[in-house]
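# Structural description and commentary
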Amino acid sequence: MSRIGNRPVALPAGVEVAVDANNVVTVKGPKGQLQEQVSKLINIEIKDNEVVFTRESDAREYRSQHGLARTLVSNMVVGVTDGYEKKLQLIGVGYRAEKKGDTLVMGLGYSHPVEMKDPEGITTEVPDATTVVVKGINKAVVGNYAANIRAWREPEPYKGKGIKYENEVIRRKEGKAGAK
């Protein structure tokens, strides 16, 4: 039995969920609206301010989609009520970030500044020169954009220089032992 798929998703006040015939789930809330195509193997019903997920069979395909469908809808509900954010830290001498309009401009040790335009539905904030906050309502888009920023300079294991997530732990290496 799917432990995640059997749990209903509670709907907070101000959130509306609609499911059409093709299992396209639309969630409207205070921060915006999200849509997601969910597998047709899963039955989605709205009962008593909760979204309930059931499956017709215990076959492998049905079981694999059960928990996924519930998690996708749960993430949409959290996104339209609270939103998602990822914090990135720039570590290294001369590494800095600034915001120019809807473009994030970073100095990362290259011969040129790295400029990234914010995608649709995503906002970036730069509270200080070495911190970047990516915010949005779609969890997948926020995570993907944060990963694209991090990919410009992934943290290296010797000095720890690079762009890292706020809570990421970088495994450090010792380096050369030196001549004895």
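Scroll up for the structure.
Attention in this report is confined to the structure presented alongside it. (Residues numbered from 1 in each chain as written. Predicted model: local features only at pLDDT ≥ 70, side-chain atom pairs only at ≥ 80, totals over all residues. Heavy atoms only, no water.)

## Thoughts on the sheet that holds strand 11 (residues 122-128)
Which entries qualify depends on this criterion: At least two DSSP bridges between two strands are required for those strands to pair. A helix here means a DSSP run of H or I that spans at least four residues, while a strand means a run of E at least two residues long, and both kinds are numbered starting from the N terminus. Interaxial angle, 0 to 180 degrees, is taken between N-to-C directions of lines fitted to C-alpha atoms, where a helix line uses only the stretch in contact. Between two residues, a contact is recorded if the distance between any of their heavy atoms is within 4.5 Å.
Pairing in this open sheet of four strands is antiparallel, and the strands run 11-12-7-13 from one edge to the other. Strands with a single pairing partner mark the edges of an open sheet, and in this sheet they are strand 11 and strand 13 (162-165). Taking each pair of neighbouring strands and ignoring which way they run, the sheet shows an average axis angle of 25 degrees. As paired strands, strand 11 and strand 12 (residues 131-136) are joined by five bridges and run antiparallel to one another. Residue pairing across strands places I122 opposite G136, the latter belonging to strand 12. Contacting strand 7 (84-91), strand 11, strand 12 and strand 13, helix 2 (residues 139-150) crosses the sheet at an angle of about 10 degrees to strand 7.

## Let's talk about the pairing of strand 6 (residues 50-55)
Note the cut-off: Residue burial is assigned from relative accessible area. The probe radius is 1.4 Å, only protein chains are included, and a residue is buried under 20% of its type maximum, exposed over 50%, and partly exposed in between.
Going residue by residue along strand 6, you find V51, F53 and R55 tucked away on one face and E50, V52 and T54 left uncovered on the opposite face. Bridge count between strand 1 (residues 9-10) and strand 6: two bridges; the pairing is antiparallel. Pairing of A10 across the sheet is with E50, part of strand 6. With six bridges joining them, strand 5 (residues 42-47) and strand 6 adopt antiparallel strand pairing. Within the sheet, the bridge partner assigned to I44 lies in strand 6 and is F53. In textbook terms, the turn of a hairpin is the stretch between consecutive antiparallel strands, and for strand 5 and strand 6 this stretch comprises two residues, one of which, D48, has a positive phi near 50 degrees.

## Focus on helix 1 (residues 60-81)
We apply this condition: To estimate the expected span of a helix, subtract one from its residue number and multiply by 1.5 Å.
With 22 residues, helix 1 ought to run about 32 Å at 1.5 Å a step, and its terminal C-alpha atoms sit 33 Å apart, in line with that. All of the buried residues along helix 1 are Y62, H66, G67, A69, R70, V73, S74, M76, V77, G79 and V80. At its buried positions, helix 1 is contacted by strand 1, strand 3 (24-29), strand 4 (32-37), strand 5, strand 6 and strand 7. The first or second residue beyond helix 1 is G83, which carries a positive phi of 85 degrees.

What is shown is where atoms sit, not what they do.
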